[in-house]
Amino acid sequence: MFKGVLFDLDGVITDTAEYHYLAWRALAAELGIEIDRQFNQQLKGLSRADSLRLILQKGQQTELYQGEAFQELMQRKNENYLKMIQKITPADILPGIKELLFELQAANIKIALASASQNGPVILEKLGLADCFLGIADPKQVAAGKPAPDIYLLAAKEIGLNAQECLGIEDALAGIQAIQASGAVPVGVGQAQDLGADIDIVETTKDLNLAYLQEVWQK
Ligand code: B16
Ligand code: MG
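Residues numbered from 1 in each chain as written. Chains lettered and ligands numbered in written order. Predicted model: local features only at pLDDT ≥ 70, side-chain atom pairs only at ≥ 80, totals over all residues. Heavy atoms only, no water.

For the rest of this paragraph, the subject is the coordination of the magnesium ion (ligand 2). Angles at a metal have ideal values that depend on geometry: 109.5 degrees with four tetrahedral donors, 90 or 180 degrees with six octahedral donors. Within the protein, D8 (OD), D10 (O) and D171 (OD) serve as the donor atoms for the magnesium ion (ligand 2), at 2.0 to 2.2 Å. As a motif over one chain, the donors of the magnesium ion (ligand 2) read D-x1-D-x160-D. On the basis of relative accessibility, which here comes to 4%, the residue D8 falls in the buried class. (Donors = N, O, S within 2.8 Å, 3.2 Å for Na, K, Ca; no water. Buried < 20%, exposed > 50% of the residue type's maximum accessible area, 1.4 Å probe, protein only.)

The structure is reproduced here in structure tokens:
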């Protein structure tokens, strides 16, 4: 039986992707770069810096890749994003997630957050879920963002486990690749065409529960 579950945040616990999109779109527009929802798909799960690099690459403004200007752009996006997420409440928890967290707690399975977001702790507080998480991996402490395994390895470590003893739940391809590289067992939320045909996938978080995770683990 698995001993821990490592959760992605955006797209698994709550849907902050729309706010990330609106904040990036506003920043890109200031730079004369147009991004749409389709382009935004690529940004899901990527770190703030990697997301900005992709946007600048699209706008052929790679001269802004380094230095103070780059830091200032990231900060500007984050300030706007932080304003937007102030309105998050427990009603924004995705369906089935609270019930799953309670089931895991009752079964003594450890729970950790493996999000690329530096705003993870604030968002968990706003959702009223902070107490469910025994560990939160700090994305600032890892050398490489998803799809590298680092954040999943750190999340497992935070709860005293090896990644091989854990399941990881993700909604983005970069995140699934990170789970696979860490040695944890992946569970996808979404569609096989986006996440890969070789892993277990639920269409929505509603379908996640302890019995399903046990089934995946026993395969
Ligand atoms: P922040 P996840 C990711 O969260 C988002 O999917 C991604 O769009 C965002 O750029 C990243 O967090 C960093 O977020 O700017 O708040 O540090 O899916 O890994 O939970
Ligand atoms: Mg995600």
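Under the definition given, this model contains 2 aromatic pairs. When the ring of F7 is compared with that of F133, the centres are 6.0 Å apart and the planes differ by 70°; the resulting orientation is edge-to-face. Taken as a pair, F7 in strand β1 (residues 4-7) and F133 in the loop between α6 (120-127) and β3 (135-136) lie far apart in primary sequence, 126 residues in all. Across the pair, F133 and F7 agree in class, each one buried. (Phe/Tyr/Trp six-rings, centres within 6.5 Å; stacked < 30°, edge-to-face > 60°. Helix = DSSP H or I, 4+ residues; strand = E, 2+ residues; numbered from the N terminus.)

The next thing to look at is the confidence of the model for the protein chain. Of the residues in the protein chain, 100% reach a pLDDT of 70 or more, and the chain-wide mean stands at 96. Confidence metrics for the complex model read pTM 0.93 and ipTM 0.94. (pLDDT = per-residue confidence, 0-100.)

Take the site of ligand 1 next. In the vicinity of ligand 1 lie 19 residues, with R48, S115, S117, Q118 and N119 positioned nearest. For ligand 1, an oxygen atom lies 2.8 Å from a polar atom in the side chain of D10. Protein coverage of the free-state accessible area of ligand 1, which is 470 Å², stands at 98%. Secondary-structure elements contributing two or more residues to the shell around ligand 1 are α3 (48-58) and α4 (67-85). Tallied by class, the residues present in the shell around ligand 1 amount to 5 nonpolar, 8 polar and 6 charged. (Near = heavy atom within 4 Å. Polar contact = N/O pair within 3.5 Å; in protein donor to acceptor, adjacent residues only side chain to side chain. Areas by Shrake-Rupley, 256 points an atom, 1.4 Å probe, with all protein chains shown as cover. Nonpolar A, V, L, I, M, F, W, Y, C, P; charged D, E, K, R; others polar.)

Attention shifts here to the pattern of salt bridges. In the structure shown here, the tally under the stated rule is 8 salt bridges. A salt bridge links K146 to D8, with the nearest nitrogen and oxygen atoms 3.0 Å apart. Here D8 lies in the loop between β1 and α1 (17-30) and K146 lies in the loop between β3 and α7 (150-158), a separation of 138 residues in the sequence. Residue class for K146 comes out buried when judged on its relative accessible area of 2%. Linking R76 and E72 is a salt bridge whose minimum nitrogen-to-oxygen distance equals 3.0 Å. Taken together, the residues R76 and E72, both in helix α4 and 4 residues apart, mark about one turn of the helix. Judged by relative accessible area, which is 31%, R76 ranks as partly exposed. (Salt bridge = Lys/Arg side-chain N within 4 Å of Asp/Glu carboxyl O.)

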